[in-house]
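Now for the letters of each chain:
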Amino acid sequence: MKHTQVAVLLLMQSMIALATTMATTEVTSHFSTTPLYLAQPSKTTGDLHTPPKLFANVSGSVDDEGTCQCSVYLPDTTFPVQKAEQLEITATMLLEKFESELSQVREYSKMIEVYQQRILNLTIRVEHMEKSSVSYTELDFQLLKVEISDLERLVTQLKSSLVGSNVIVEQIYLEITNLTILVNELESLDKNNILEIRRQIVSLQNRLKECEESTNKTTVPPYFPPGSCIHRGLLNVSQPYIVKLNWRGFSYKYGSWGRDYSPSNPEKEVYWVAPLNTNGRELEYYRIYRSFDDLLLFKPMYQHRITYGEGSGVALYNNYLYYHSYNSRYMVKHDLKTNTMVLRKELPDAAIGNRFSYAGVSWQDIDFAVDESGLWVIYSTENSMGNIVISKLNETTLDVLNTWQTRQYKPSVSNAFMLCGVLYTTRPMNTRKEEIFYMYDTTTGREGSISAVMDKKLDTIQSIDYNPTDQRLYVYNDGYLLRYDVTFQP
């Protein structure tokens, strides 16, 4: 456009110069004897154009010197000089305006590039918010809205500044409109998520409030002296206290541990830990600790070897270790001080050879237990068809004093223990919870259901031993030593 205007100016200047030259009404020329012809404009008749006459005869005269003279009269060809000057002024103004508009277009082009980059950034942020599962705050959406609104205002101003339509600007405006709709939808969805989260928070707060009220209403369980049975039996157990991993390591998943109960000296602390060999059957090594602190610090009073016990149904009563002799029906009484077998006696009719062991725990055919009344043994017989049999033992002679038949199938329970003459059995609820679900009272012969949930660290409980002195359960859980406090019914 700029080059066109320059050409127009040059043409106008040439026309003005031509007009000045043609202002002379008489032209004197030296010609040869050839007559002079003048060009005439073409004539138009309808749609037919007649070619112009290039020459015309003009009469003239020869002066005394032989010079041909003629007079040529031009038609009325007055040139519009004023209009040409006005055209030149207008062209100059148009050129200046064009330069100004061109400068604005350059500036707008730069602004459009900036807007396109900002829209790209906003699009990326919105896409991230769409794909992300993070719940954004109201401030995030407000910031996006402000930026989009600012872009929309600037593009609207740009549209009004440009004459005619511009495809790029229209496209930017459409993208901004789409972004606005998308952000509003996202905000609406996020508000729904926030409402759902708030409902969950309110629900949790209500449950917490109920727990607090229940805790405030719950009375402190009554105190029962160690070794006494003036309560009405087990009510619940505490969360487990994880003491540590057994001294032989994680591979030794089977075994037992507990605290000695000595009726003559109940406050004396003696602890035993007896992991079985890795085959889960042979009892070969055990350690004795003089205090709980020594147990935690791996400071045994002594470590002994026996050949061999079977299963993890071990019990420590009055400084004697009782265990099932390997591959037999014999019960063994072992002196801790001398590390010698004091007594070996057969348990009549006891099923052995992993015939009726606990569920998930092999080779625990004969399980010793200790409570306030003394030493017990839990087992099954062929006559009982695998149901649990309880026998009270004389700890000195290992004679069976009395026997009770239950209707609870031994392989359907995961373990068992005695407490105040009552048998309690457990079963797994899942990999992290165990339930004390069955009881048999040897005093009354009554059996029934109970529900006390025990949390555990790993899947399988290999042994449970109750101690009347501190009224706690000592549990061997896949190699870990766990301890539970017992709550009694008043």
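All figures in this text were calculated on a predicted structure; none of them were measured in a lab.

Novice: Requested: an account of the overall build of the protein chain, with residues and values cited.
Specialist: Helix and strand counts for the protein chain stand at five helices and 25 strands. Counting only residues that meet the buried cut, the protein chain has 39% of its 490 residues in that class. Sequence separation of 24 or more characterises 54% of the internal contacts of the protein chain that already satisfy a separation of 6 or more. Working note: accessible area of the protein chain is about 28200 Å², and carbon and sulfur atoms make up 54% of it.

Novice: Could you give me a rundown of the nonpolar core, with the residues and numbers involved?
Specialist: Counting residues in each nonpolar core, the largest one holds 24 residues, and the members touching the most others are Leu234, Val237, Phe417, Leu419, Tyr424, Ile436 and Leu473. Counting residues per element, the ones that place at least two in this core are strand 5 (234–237), strand 19 (415–419), strand 20 (422–430), strand 21 (433–441), strand 22 (447–455), strand 23 (461–467), strand 24 (472–477) and strand 25 (480–488). Element by element, the count of residues in this core is highest for strand 25, at five residues. For Leu419, the residues in contact, after removing those within four places along its chain, are His231, Leu234, Asp371, Glu372, Tyr424, Tyr466, Val486 and Phe488. Core analysis: the second largest hydrophobic core is formed by 16 residues, Tyr322, Met331, Ala350 and Val389 among them.

Novice: Lay out the packing of aromatic side chains in plain terms, naming residues and giving numbers.
Specialist: Across all of its chains, the model carries 13 aromatic pairs by this definition. Consider the rings of Trp257 and Tyr474, whose centres lie 4.8 Å apart with planes at 80°: the pair is edge-to-face. Of this pair, Trp257 sits in strand 7 (residues 255–259) while Tyr474 is found in strand 24, placing the two residues 217 residues apart along the sequence. We note that Trp257, like Tyr474, is buried. With a centroid separation of 6.5 Å and an interplanar angle of 45°, the aromatic rings of Phe437 and Tyr438 are classed as tilted. Assessed through its relative accessible area of 7%, Tyr438 is described here as buried. One cation-aromatic arrangement involves Arg483 over Phe292; the distance from NZ or CZ to the ring centre is 4.6 Å.

Novice: Tell me about the sheet that holds strand 16 (residues 374–380), and name the residues and values.
Specialist: With respect to topology, four strands assemble into an open sheet ordered 15-16-17-18, the strand pairing being antiparallel. Two strands lie at the open edges of the sheet, namely strand 15 (367–371) and strand 18 (400–409), each paired on one side alone. Neighbouring strand axes in the sheet, compared pairwise and without regard to direction, differ in orientation by 25° on average. Bridge count for strand 15 against strand 16 is five bridges, and the pairing is antiparallel. Its bridge partner lying in strand 16, Asp367 is registered against Ile378.

Novice: Explain unusual backbone geometry to me, using residue names and the numbers behind them.
Specialist: Trans peptide bonds make up the majority, and among non-glycine residues the majority have a negative phi. Note the cis peptide between Thr307 and Tyr308, where omega equals -25°. Topologically, Tyr308 is positioned in strand 10 (residues 302–310). With phi around 70°, Asn319 is a residue other than glycine that occupies positive phi space. Tracing the chain through its elements places Asn319 in the loop between strand 11 (315–317) and strand 12 (320–324).

Novice: Requested: an account of the sheet that holds strand 12, with residues and values cited.
Specialist: Across the sheet, four strands lie side by side as 11-12-13-14; this open sheet has antiparallel pairing. Here the strands that pair on one side only, and so sit at the sheet edges, are strand 11 and strand 14 (340–346). Averaged over all adjacent pairs, the angle separating strand axes in this sheet is 25°, with direction ignored.

Novice: How would you summarise the pattern of salt bridges if you had to cite specific residues and measurements?
Specialist: Note that side chains of opposite charge can pair when their charged atoms are close. For the structure shown, the criterion picks out eleven salt bridges. The shortest N-O distance in the salt bridge between Asp399 and Lys345 comes to 1.9 Å. Taken together, the positions of Asp399 in the loop between strand 17 (387–393) and strand 18 and Lys345 in strand 14 put the pair 54 residues apart, joining distant regions of the chain. For Asp455, the salt bridge is made with Lys433, and the minimal N-O distance between the two is 2.7 Å. Placement of Asp455 in strand 22 and of Lys433 in strand 21 is noted, with a sequence separation of 22 residues between them. What makes Asp455 buried here is its relative accessible area of 17%.

Novice: Kindly report on a nonpolar patch on the surface, identifying the contributing residues and their values.
Specialist: Residues Tyr241, Leu296 and Leu297 make up a contiguous nonpolar surface patch of about 280 Å² in total accessible area. If you trace the backbone, Leu296 turns up in helix 5 (residues 292–296). Exposure remark for Leu296: the relative accessible area of 32% places this residue in the partly exposed category.

Novice: I'd like a rundown of the confidence of the model for the protein chain, residues and numbers included.
Specialist: Looking at the protein chain, the pLDDT average stands at 81 and 71% of residues meet or exceed 70. Of all secondary-structure elements in the protein chain, the lowest mean pLDDT belongs to strand 1 (residues 43–45), at 45, while strand 17 reaches the highest, 98. Between residues 1–8, whose pLDDT stays under 50, and residues either more than four places distant or in other chains, the model counts seven contacts. Note that residues 18–49 has pLDDT below 50 and, in this model, 38 contacts with residues that lie over four places away or in other chains.

Novice: Now, about the environment of Phe298: what can you tell me, with residues and values included?
Specialist: Turning to its location among the elements, Phe298 is positioned in the loop between helix 5 and strand 10. With a relative accessible area of 43%, Phe298 lands in the partly exposed category. Between the C-alpha atoms of Phe298 and Trp247, which are 51 residues apart in sequence, the distance is 7.4 Å. In this structure Phe298 touches Lys244, Leu245, Trp247 and Tyr289, once residues within four positions along its chain are discounted.

Novice: Explain the pairing of strand 21 residue by residue, including any values.
Specialist: Burial analysis of strand 21 places eight of its nine residues in the buried class, which makes it a mostly covered element. Sheet analysis places strand 20 next to strand 21, joined by eight bridges and oriented antiparallel. Its bridge partner being in strand 21, Thr426 is matched across the sheet by Ile436. Here strand 20 hands over to strand 21 after two residues, the two strands then running antiparallel side by side. Pairing geometry for strand 21 and strand 22, over seven bridges, is antiparallel. The residue bridging Glu435 from the neighbouring strand is Val453, located in strand 22. Between strand 21 and the antiparallel strand that follows it, strand 22, lie five residues; Gly445 among them carries a positive phi value of about 75°.

Analysis parameters
- Residues numbered from 1 in each chain as written.
- Predicted model: local features only at pLDDT ≥ 70, side-chain atom pairs only at ≥ 80, totals over all residues.
- Heavy atoms only, no water.
- Helix = DSSP H or I, 4+ residues; strand = E, 2+ residues; numbered from the N terminus.
- Buried < 20%, exposed > 50% of the residue type's maximum accessible area, 1.4 Å probe, protein only.
- Contact = heavy atoms within 4.5 Å.
- Areas by Shrake-Rupley, 256 points an atom, 1.4 Å probe, with all protein chains shown as cover.
- Core = buried A, V, L, I, M, F, W, Y, C linked by side-chain atoms within 4.5 Å.
- Phe/Tyr/Trp six-rings, centres within 6.5 Å; stacked < 30°, edge-to-face > 60°.
- Lys NZ or Arg CZ within 6 Å of the ring centre and 35° of its normal.
- Pairing = 2+ DSSP bridges.
- Axes fitted to C-alpha atoms, helices over the stretch in contact; angles between N-to-C directions.
- Salt bridge = Lys/Arg side-chain N within 4 Å of Asp/Glu carboxyl O.
- Patch = residues over 30% accessible without salt bridge, like charges linked within 9 Å, V, L, I, M, F, W, Y side chains within 5 Å.
- pLDDT = per-residue confidence, 0-100.

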